[in-house]
Amino acid sequence: ILVGFLSAEGHFTPVLIISLLLANFPEAFSSASLMISAGMSTPVVVGMWGGLCALVGCLSGASCWVLLALYPSYGLQGVELPDAVLVGISLVEGITGGAMIACISSVMMPEAFERTKKDGPLGLSSGFLCTVGFLVATVLKAVGG
């Protein structure tokens, strides 16, 4: 839904697309490898991720379409939405950010710390790679908008 709001605002930039790909690929890769190691077949795993991708695309498109259908001039220079709609969008942004932080901190980071080699080089530690990923995303945002 948030991606649809960003599209309606005209803020769906190539930098955002690249950062979403970079942020979600490790999560998808690790969970897919866990599903395959648990005995799921590759077509089922690909089908699940494909279905999720289609669902996200449909929700994004629907939210963008609804927002622009209700406020056709939104996204144009100097056009503001009513305060109630802005509060709703802010609520969606807050819930999205909180859900991402909760997922990363409760599922992804403990799994990464458990699977990492404790005696390996710093450059391959999960904490270092997470920090580098955050810095790359921040630099992409600062440079590309």
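These figures come from a predicted structure and were not determined experimentally.

K.L.:
Explain the overall build of the chain to me, please; I cannot follow it from the model alone.
P.N.:
Across its full length, the chain carries five helices and zero strands. Counting from the amino terminus, helix and strand elements in the chain follow one another as α-α-α-α-α. Looking at the chain as a whole, 14% of its 145 residues qualify as buried. When contacts within the chain are restricted to residue pairs at least 6 apart in sequence, those whose partners lie at least 24 apart make up 49%. For the chain, the accessible surface area stands at approximately 10,000 Å², while carbon and sulfur atoms represent 76% of it. Where the 4 positive side-chain charges of the chain centre and where its 8 negative ones centre are 16 Å apart.

K.L.:
For this particular structure, what's the right way to read the packing of helix 2 (residues 14–37) against helix 3 (residues 42–70)?
P.N.:
The packing of two helices is summarised by the inter-axis angle and the distance between the axes. Running from N to C, helix 2 and helix 3 point in directions that differ by 145°, and their axes come no closer than 10 Å. As helix 2 packs across helix 3, the resulting crossing turns out to be right-handed. Of the residues in helix 3, those touching helix 2 at Ala28, Ser31, Ala32, Met35 and Ile36 are Thr42, Val45, Met48 and Trp49.

K.L.:
When you look at the side chain of Ser60 in this model, what are you seeing that I'm missing?
P.N.:
Here Ser60 shows up in helix 3. Since its relative accessible area comes to 9%, Ser60 is described here as buried. Filtering out sequence-adjacent residues up to four positions away, Ser60 remains in contact with Val3 and Gly4.

K.L.:
Teacher, can you tell me more about helix 2 here?
P.N.:
Helical periodicity: at 3.6 residues per turn, an α-helix aligns residues three or four positions apart in one direction. In this model helix 2 runs 34 Å from its N-terminal to its C-terminal C-alpha over 24 residues, within 8% of the 34 Å that 1.5 Å per residue would give. If you look at helix 2, its biggest bend is around 30°, right at Asn24, and the proline Pro26 turns up within four residues after that. When helix 2 is considered as a whole, its buried residues turn out to be Val15, Ser19, Ser31, Ala32 and Met35. After helix 2 finishes, the residue Gly39 shows a positive phi value of roughly 105°.

K.L.:
Is there a simple way to explain helix 3 in this structure?
P.N.:
Helix length check: helix 3 (29 residues) gives 42 Å between terminal C-alpha atoms against 42 Å at 1.5 Å per residue, within 8%. Of the positions making up helix 3, those classed as buried are Val45, Ser60, Ser63, Cys64 and Leu67.

Conventions and cut-offs
Residues numbered from 1 in each chain as written. Predicted model: local features only at pLDDT ≥ 70, side-chain atom pairs only at ≥ 80, totals over all residues. Heavy atoms only, no water. Helix = DSSP H or I, 4+ residues; strand = E, 2+ residues; numbered from the N terminus. Buried < 20%, exposed > 50% of the residue type's maximum accessible area, 1.4 Å probe, protein only. Contact = heavy atoms within 4.5 Å. Areas by Shrake-Rupley, 256 points an atom, 1.4 Å probe, with all protein chains shown as cover. Lys, Arg positive; Asp, Glu negative; His and termini not counted. Charge placed at Lys NZ, Arg CZ, Asp CG, Glu CD. Axes fitted to C-alpha atoms, helices over the stretch in contact; angles between N-to-C directions. Left-handed = near helix turned anticlockwise from the far one by under 90°. Expected span 1.5 Å × (residues − 1). Bend = angle between axes of the 7 residues up to and from the residue.

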